[in-house]
2 protein chains.
Amino acid sequence: MMMMSSLSSRGVSHTGGRGVSRGARSHRGLNQTICMSTVTRNANIGKLAAGYLFPEIARRRNEHLEANPDAKIISLGIGDTTEPIPQPIVDGMVESAKGLGTLDGYGKYGGYGAEQGQGPLRDAIAERFYSHVDTSAADIFVSDGSKCDIGRIQMMFGSGHSVSVQDPSYPAYVDTSVIIGNTGLFNDDTSQFDDIQYMACTAGNGFFPDIDSAKKSDIVFFCSPNNPTGAAATREQLTKLVAKCKADGSILIYDAAYAIYIENPDCPKTIYEIPGADEVAIETCSFSKYAGFTGLRLGWTVVPENLTFSDGSKVKTDYNRIMSTCFNGASNVAQAAGMACCSDAGYKSMLDLVAYYKENALILKKCFEELGFEVHGGTDAPYVWVGFPGKNSWDVFAEILSGTSIVTTPGAGFGPAGEGFVRASAFGHRENILEAVDRLKDYFKK
Amino acid sequence: MMMMSSLSSRGVSHTGGRGVSRGARSHRGLNQTICMSTVTRNANIGKLAAGYLFPEIARRRNEHLEANPDAKIISLGIGDTTEPIPQPIVDGMVESAKGLGTLDGYGKYGGYGAEQGQGPLRDAIAERFYSHVDTSAADIFVSDGSKCDIGRIQMMFGSGHSVSVQDPSYPAYVDTSVIIGNTGLFNDDTSQFDDIQYMACTAGNGFFPDIDSAKKSDIVFFCSPNNPTGAAATREQLTKLVAKCKADGSILIYDAAYAIYIENPDCPKTIYEIPGADEVAIETCSFSKYAGFTGLRLGWTVVPENLTFSDGSKVKTDYNRIMSTCFNGASNVAQAAGMACCSDAGYKSMLDLVAYYKENALILKKCFEELGFEVHGGTDAPYVWVGFPGKNSWDVFAEILSGTSIVTTPGAGFGPAGEGFVRASAFGHRENILEAVDRLKDYFKK
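Residues numbered from 1 in each chain as written. Chains lettered and ligands numbered in written order. Predicted model: local features only at pLDDT ≥ 70, side-chain atom pairs only at ≥ 80, totals over all residues. Heavy atoms only, no water.

Under an unreviewed UniProt entry, chain A has the name Putative LL-diaminopimelate aminotransferase, chloroplastic and belongs to Pycnococcus provasolii. Listed under Cofactor (unreviewed entry) in UniProt, the entry text for chain A is "pyridoxal 5'-phosphate". According to the UniProt record, the Sequence similarities (unreviewed entry) comment for chain A is "Belongs to the class-I pyridoxal-phosphate-dependent aminotransferase family. LL-diaminopimelate aminotransferase subfamily." (UniProt positions renumbered as here; feature names shortened; annotations may be inferred.)

Here is the structure:
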């Protein structure tokens, strides 16, 4: 039997205001009871701290706006693209959208597509981004983005695996590991989840973890160019990482979502530039920060033919099963836009867009340097990582917000080793970046 | 240490031809070894039978084409839409796509959207489909489609739960339950997975399971109008289903992807027409079969505020966490198209499109009836369920394919209770439906 509980008391304990107002407008009166299921909650989700980083930042931003209604907020916070999608790419997308209203166009790509992505797009991605390495179109799975792919990768692996992440790191690696059951509880003393290895990336080690002393783990998440530190790993470092994974029998999940921002020739643009990486690494990538597709949703994941589980079975076979069972292909209009990105004109326009954001990054980097701060990143990535040694990063975030109405991201939100830093995102209109620089100089030069 | 294995022998055992050719083109020679990780394969994925239903059908179709290169195949197989997206909806989508190339348009919906969907679209869905019930926009999560939502729902529940499905049923319910670890092994004797309850839906029980004798389970999947049987459950039946779930403390996953096809006034168009359903049911729905969005990807899931786990915590809170962590919102262009679907002009065009497919269904239904077969469905759903008592459904499928070059779907592919039936899909161009009718009459009247 379902258990009964009072709606009013339940509303208060679980939803605050909303529960109460819902109770009032419900066909049940405030004092009537509603039924509870007897289905147990997933204990792994219970382990997650209540807030995700960016909603918390949004809350604080709104608080600031309420207190200062005239404040003109500039966001260097969440890494969200601001510039329009370049015209050659929009043209491809518009043509595809129009085509869906015609028999011919609908017949071509209107119905269910392959869950792995349209063949010509897989070919085009292989040709555009992997022609210098041994990665074939058959190993490329087109998707609605990297964050979603990370969720599906976790579903494929399932529980019972040990995990390592860089610290600081993009929150989704840890959160999805928690959800799938590959971590212990959150530990308030360490600000970390138990039973997951955080590999510190600090200025002291050049933001590359101390691989030699790292414990073996089944799954290793690694992001380069890194979000949030902006550090791009060199060929030498990645060779070491691949060798470590191979020696340990680990599978590397390599997040290359910012690869196009790399300008240092010593930094590979794909993990498959490292010999043998096709035996250890899955690579996720995305058009989000390449062509402004954060809202359009298009990415891809490479699962090499040679990557196997301990029983010798192919990881690719299981990933294909997950994609076929839990996914139905990226939106056909987004895939058309992706095709346009890979064309010569589209690719050039994408590089121009990236160059724009990179110049923003340089402007921010110089500003913080001139102000005498410790500055990292910003040359091979759209993120600038600014050090405030000895300070609490949420305090620095709050000080910058109240003093300049600029939103940054506190480094501690990416993991304990991010303490003492804030991340400034280079995604923004140029005039806002320049205005931010003026405000920062005004404030910190006082 | 990674284990070594010979590429050539491994290629043969796991990939057939492809592994060998890959070995040949690899920078490693055929006799060189590659490394295997020590990461164990997810045993749950290992439980899945090798093939998904529709790829197997595609294989047989291709086999038929190879043997009969001149055959003009007509597909009544996979339920995939064929008609162009109606113009008022295309217009909305094209305008949005063009807008993404402008500062204004990009500023509005270009960047990251809410993972739960754009506010105005959630409002529009609530207004268009739920204004007659007590479902609010805040309980609606916009997504890239029902199949994907079912995967995310499974991720939310996690393992350790008992599951019931209708038999026959859409394969994704069972397959995702297997993947998340809520079933036993596949049992060759029963053609079912162990430890999951298959509730038989037969002509004998009017395609509504014998609820009274069903065992209690945590999660109950139910699809109405049903894919594949075409049966729509009545208010009386659904009242019984909700009462059973409430009595058992179960959570009902109600798949309403074909609700717009219902014409019987005794059949609710949403589960929330049943009083108390908001305490037991999650409802998934989709624009795929409403407006031809199978390739565009847009759907939604309702998780009511009042639905709770056994500890009293809200299911909605956890589903929101899954959506925020493993998803990044449906494509903004698809959401714009969804907004157009909910406009008066768009909605009318959608109803016209549905009427077209419904007339197809009627044509097919009459054809099979005239041929003297036992026919179900086809009036409240785009599927006709045709009985061939005593016959093996794969044999019937093969006979129809070889005799008429028409692809159907064998009922057994949806579960053991589908044995003796084939499903004919009403999605198709009218001329193909009429041609199919001619061929079927020619063949079966012989």
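**Observations regarding the sheet that holds strand β16 (residues 409-410) of chain B**
All names here are of chain B. Strand order across the open sheet formed by four strands is β13-β14-β17-β16, with antiparallel pairing between neighbours. Each of the sheet's edge strands pairs with one partner strand only, and the pair in question is β13 (374-377) and β16. Note that β16 and strand β17 (residues 421-425) share two bridges and pair antiparallel. The partner of Pro410 across the bridge, within β17, is Val422. (Pairing = 2+ DSSP bridges. Helix = DSSP H or I, 4+ residues; strand = E, 2+ residues; numbered from the N terminus.)

**Considerations on the relation of the copies chain A and chain B**
Overlay of chain A on chain B (RMSD 0.0 Å): rotation 180 degrees, translation along the axis 0.0 Å. Accordingly, the operation relating the two chain copies is best matched by a two-fold axis. Among all residues of chain A, the minimum C-alpha distance to the rotation axis is found for A:Val94, at 2.9 Å. Taken as a fraction of all interface residues of chain A, those also at the interface in chain B reach 99%, which identifies the copy contact as same-surface. (Least-squares fit on C-alpha atoms with pLDDT ≥ 70 in both. Contact = heavy atoms within 4.5 Å.)

**Considerations on helix α9 (residues 171-180) of chain B**
All names here are of chain B. Among the ten residues of α9, ten are classified as buried, and the element is accordingly described as predominantly covered. When α9 is considered as a whole, its buried residues turn out to be Pro171, Ala172, Tyr173, Val174, Asp175, Thr176, Ser177, Val178, Ile179 and Ile180. Phi turns positive, to about 95 degrees, at Gly181, one or two residues after α9. (Buried < 20%, exposed > 50% of the residue type's maximum accessible area, 1.4 Å probe, protein only.)

**Concerning the environment of B:Ser324**
When you line up the elements, B:Ser324 lands in helix α12 (residues 315-326). For the pair B:Ser324 and B:Gln116, spaced 208 residues apart in sequence, the C-alpha separation works out to 7.6 Å. When neighbours within four sequence positions are excluded, B:Ser324 is seen to be in contact with A:Lys147, B:Glu115 and B:Gln116.

**Thoughts on the confidence of the model for chain A**
On average, chain A scores 92 in pLDDT, and the residues at 70 or more come to 92%. Taken as a whole, residues 4-27 of chain A scores under 50 in pLDDT and shows 52 contacts with residues more than four places along the chain or in a different chain. (pLDDT = per-residue confidence, 0-100.)

**Brief notes about the packing of helix α9 (residues 171-180) of chain A against α12(B)**
Two numbers describe how α9(A) lies on α12(B): the axes approach to 10 Å, and their chain directions differ by 135 degrees. The angle between α9(A) and α12(B) falls in the class oblique. Judged by the sense of rotation from one axis to the other, the crossing of α9(A) with α12(B) is left-handed. Note on element contacts: α12(B) touches α9(A) through B:Arg321, B:Ile322, B:Thr325 and B:Cys326, opposite A:Asp175, A:Thr176 and A:Ile179. Looking at the contact of α9(A) with α12(B) residue by residue, the class counts come to three nonpolar, two polar and two charged. (Axes fitted to C-alpha atoms, helices over the stretch in contact; angles between N-to-C directions. Parallel < 35°, antiparallel > 145°, perpendicular 65-115°, else oblique. Left-handed = near helix turned anticlockwise from the far one by under 90°. Nonpolar A, V, L, I, M, F, W, Y, C, P; charged D, E, K, R; others polar.)

**Quick look at the state of the cysteines**
In total, this model carries zero disulfides over all chains according to the counting rule given. We note that A:Cys285 lacks a disulfide partner, and the nearest cysteine sulfur, in A:Cys223, lies 10 Å from it. (Disulfide = S-S within 2.5 Å.)

**Quick word on helix α12 (residues 315-326) of chain A**
All names here are of chain A. When the terminal C-alpha atoms of α12 are compared, their 16 Å separation across twelve residues agrees well with the 16 Å that a helix rising 1.5 Å per residue should span. Most of α12 sits out of view: ten of its twelve residues are buried. Where α12 is concerned, the buried positions are Val315, Lys316, Asp318, Tyr319, Arg321, Ile322, Met323, Ser324, Thr325 and Cys326. (Expected span 1.5 Å × (residues − 1).)

**Things to note about the sheet that holds strand β12 (residues 299-302) of chain B**
Residues and elements named next belong to chain B. Spatial strand order, β4-β12-β11-β10-β9-β5-β8: seven strands in an open sheet with mixed pairing. The sheet is open, and its two borders are formed by β4 (140-143) and β8 (197-200), each paired with just one other strand. Between one strand axis and the next, the sheet turns by 20 degrees as a mean value, whatever way the strands run. As defined by bridge partners, strand β10 (residues 251-255) adjoins strand β11 (residues 281-286) across four bridges and the pair is classed as parallel. Looking at β11, one finds that Tyr254 is bridged to Glu283.

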